[in-house]
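Secondary and tertiary structure notes
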Amino acid sequence: MTQPHPAPGDPDDSSEAYRPRSPEFRAAVDALRGLREDLFDDAFAYRPLPRKEPQGRLLRGTKGRRREYAAWSRHLTVGAAGALAMFIAWADDPGGGTGLLTGLLALAPVLLTLVRPVGAFWLSLAATTVVAAVGSTYSEWPWLPGSFAAHLIVLTVVAIRTRPRTAAWMWMLTAAYGFVADTFFSWGHYGTDVAPMLVFSAIVLLVVTVRHIRRQAEEEVTAQQTVTAHERSRRTLLEERTTIARELHDVVAHHMSVVAIQAEAAPYRVENPPPELEKAFATIRENAVAALTELRRVLGVVRAEDYEVPDAPQPTLADLDGLLANVRETGLDVEKTVTGAVRELPQGVELSAYRIVQEALSNTLRHAPGASARVEIGYVLGGLGLRVVNAAPPNPSLVKPSPGAGHGITGMRERVGMLNGEMTAEPTPAGGYEVTVFLPVPAASESGT
């Protein structure tokens, strides 16, 4: 059953019931909502001022009572400002109990900012009214000298502890309070201090707001720099892994090609091989060719658009002398020491060892210009040991910061981790730098080489 649509003149017409609000109306509603949230909702909530964490070289080195005083320095500053406001109020009428009362009414809102900042603002306005009623000064209205100082202090502390929008609302309510008091209750007084209050408070709140904005901007910049550094480190790690994947592709592809060729040629080396053997070798060749195809697909995923396949074979430790010769031509005094029985290792281990030595020497050229270096290669029973150490730079002032600092170490760690090896990279006591690596080689691989 269908419902009848209301006529255009019907009071139930939805077009008449719903009318879009104007931007001005929404702005006014949002402003009132902000006023309620900042100065009325939980106005007297307990929000103690936290202790200050010691920062800076001077404060971090303090101990005992000095460190304790530094932690409570903000509280002591607020207390001293409240005592100053109380003294100003008492000095305005030192003869009787009125001066003591006005002094306490000036002190109370200032101290309340330490635990209930928004409530302290309302107490300051209430105390101003009481002091104006019982005070004996008729030259200024509505803020007597003590109340004037106390209210400025309260505005400053509350603005520091809250946000810029709250400071704006406090200034507007202060202006409204001064306007009402000066317009309707200023009889019998010779002058008004509403204008000085608004001018001084505006300057103070503006300074505090600028401080808030600057600190927020610094925090955002720091956070952005942290994210950028993290992303840069992550991108560098991915680039290093991609480079390693490209190099290992050539190594694995070479071995799989050898397997395919040997599987194809093996039946011809045996006279009248059984059909089962021919079928087995054919299956091996098919699997090797399929593996080569999948390797090319994987490499296509990690290969950059501008990447070109190298014509020369991947380097090994046998090519290390050529690398050292090129490094010596750049001015680096480097020597090589080999211990143990030199033997052929798996190509992946040889390639990784070569790249690690290459990167370590590049770091020496970049971060220790003019220093000498030493490359130690040890063939041991369980694998291969590498040690690249450089002396301290003779002229540290020539060392310039590098935007890629630490990226070479990342690549070396990736290569070592890929081979389940171990690596340490740390400064030496003499001021140089040392990279120590151990690459394990399984016994089965050793026996097969």
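To be clear, the structure that these remarks concern was listed above.
Residues numbered from 1 in each chain as written. Predicted model: local features only at pLDDT ≥ 70, side-chain atom pairs only at ≥ 80, totals over all residues. Heavy atoms only, no water.

1. Regarding unusual backbone geometry
A positive phi is found at Asp42, a non-glycine position, where the angle reads about 50°. Relative to the helices and strands, Asp42 is located in the loop between helix 2 (23-39) and helix 3 (56-60). When its relative accessible area of 59% is taken as the criterion, Asp42 is described as exposed. If you check the backbone angles, Asn420 has positive phi at about 60° while not being a glycine. For Asn420, a relative accessible area of 65% gives the class exposed. (Helix = DSSP H or I, 4+ residues; strand = E, 2+ residues; numbered from the N terminus. Buried < 20%, exposed > 50% of the residue type's maximum accessible area, 1.4 Å probe, protein only.)

2. Some points on the pattern of salt bridges
For the coordinates displayed, the defined rule picks out 9 salt bridges. Across the pair Arg163 and Asp38 runs a salt bridge, and its minimum N-O distance is 2.8 Å. With Arg163 in the loop between helix 8 (145-161) and helix 9 (164-184) and Asp38 in helix 2, the pair connects residues that are 125 residues apart, well separated along the chain. As a salt-bridge pair, Arg387 and Glu434 come within 2.7 Å of each other at their nearest N and O atoms. Of the two residues, Arg387 sits in strand 3 (residues 383-390) while Glu434 sits in strand 5 (residues 433-440), which places them 47 residues apart along the sequence. (Salt bridge = Lys/Arg side-chain N within 4 Å of Asp/Glu carboxyl O.)

3. Considerations on the packing of helix 7 (residues 117-134) against helix 9
With their axes 12 Å apart at the nearest point, helix 7 and helix 9 run at an angle of 15° to one another. Classified by the interaxial angle, the pair formed by helix 7 and helix 9 is roughly parallel. Of the two possible hands of crossing, helix 7 and helix 9 adopt the one that is right-handed. Every residue of helix 9 that contacts helix 7 at Phe121, Trp122, Leu125, Thr128 and Thr129 is listed here: Met170, Leu173, Thr174 and Tyr177. Of the residues that constitute the contact of helix 7 with helix 9, the class distribution is 6 nonpolar, 3 polar and no charged. (Axes fitted to C-alpha atoms, helices over the stretch in contact; angles between N-to-C directions. Parallel < 35°, antiparallel > 145°, perpendicular 65-115°, else oblique. Left-handed = near helix turned anticlockwise from the far one by under 90°. Contact = heavy atoms within 4.5 Å. Nonpolar A, V, L, I, M, F, W, Y, C, P; charged D, E, K, R; others polar.)

4. Details of the sheet that holds strand 3
Here 5 strands make up an open sheet; going across it, the order is 1-2-3-5-4 and the pairing mixed. Whereas interior strands pair on both sides, the edge strands pair on one side only; in this sheet they are strand 1 (334-339) and strand 4 (422-427). Between one strand and the next, the sheet's axes are offset by a mean angle of 10°, whatever the strand orientation. Pairing between strand 4 and strand 5: 6 bridges, direction antiparallel. If you follow Glu422 over to strand 5, its bridge partner there is Phe438. Here helix 12 (residues 320-329) sits on the sheet and contacts strand 1 and strand 2 (373-380); the angle it forms with strand 1, its principal contact strand, is near 160°. Of the strands in this sheet, strand 1, strand 2, strand 3 and strand 5 touch helix 13 (residues 347-367), which is tilted by about 5° from strand 3. (Pairing = 2+ DSSP bridges.)

5. Details of the pairing of strand 3
With 7 of 8 residues buried, strand 3 lies mostly within the body of the structure. Two strands pair when backbone bridges link them, and strand 2 and strand 3 are joined in this way by 8 bridges, in the antiparallel orientation. Counterpart to Val380 in the pairing with strand 3 is Gly383. Connecting strand 2 to the next strand, strand 3, in antiparallel fashion are 2 residues.

6. Points about helix 7
End to end, helix 7 covers 26 Å across 18 residues, agreeing with the expected 26 Å (1.5 Å per residue, within 8%). Among the residues making up helix 7, those that are buried are Pro117, Val118, Gly119, Ala120, Phe121, Ser124, Leu125, Ala127, Thr128, Val131 and Ala132. Buried residues in helix 7 make contact with helix 2, helix 6 (97-112), helix 8 and helix 9. (Expected span 1.5 Å × (residues − 1).)

7. Details of the packing of aromatic side chains
This model, assessed by the stated rule, comprises 5 aromatic pairs. With a centroid separation of 5.6 Å and 55° between ring planes, the pair formed by Trp143 and Tyr177 is classed as tilted. Taken as a pair, Trp143 in the loop between helix 7 and helix 8 and Tyr177 in helix 9 lie far apart in primary sequence, 34 residues in all. Since its relative accessible area comes to 0%, Trp143 is described here as buried. Ring centres 6.5 Å apart and planes at 85° place the aromatic pair Phe148 and Phe200 in the edge-to-face group. Taken together, the residues span a long stretch of sequence, with Phe148 in helix 8 and Phe200 in helix 10 (residues 194-265) at a distance of 52 residues. (Phe/Tyr/Trp six-rings, centres within 6.5 Å; stacked < 30°, edge-to-face > 60°.)

8. Some details on the side chain of His151
Mapping His151 onto the fold places it in helix 8. Residues within four places of His151 in sequence aside, it is in contact with Phe121, Ser124, Leu125, Trp143, Thr174 and Met197.

9. Points about the environment of Val357
With respect to the helices, strands and loops of the structure, Val357 is situated in helix 13. Classification of Val357 as buried rests on a relative accessible area of 1%. For Val357 and Glu376, which are 19 residues apart along the polypeptide, the C-alpha to C-alpha distance reads 9.6 Å. Each residue touching Val357, except ones within four places of it in the same chain, is listed here: Leu320, Leu323, Val375, Leu386 and Val388.

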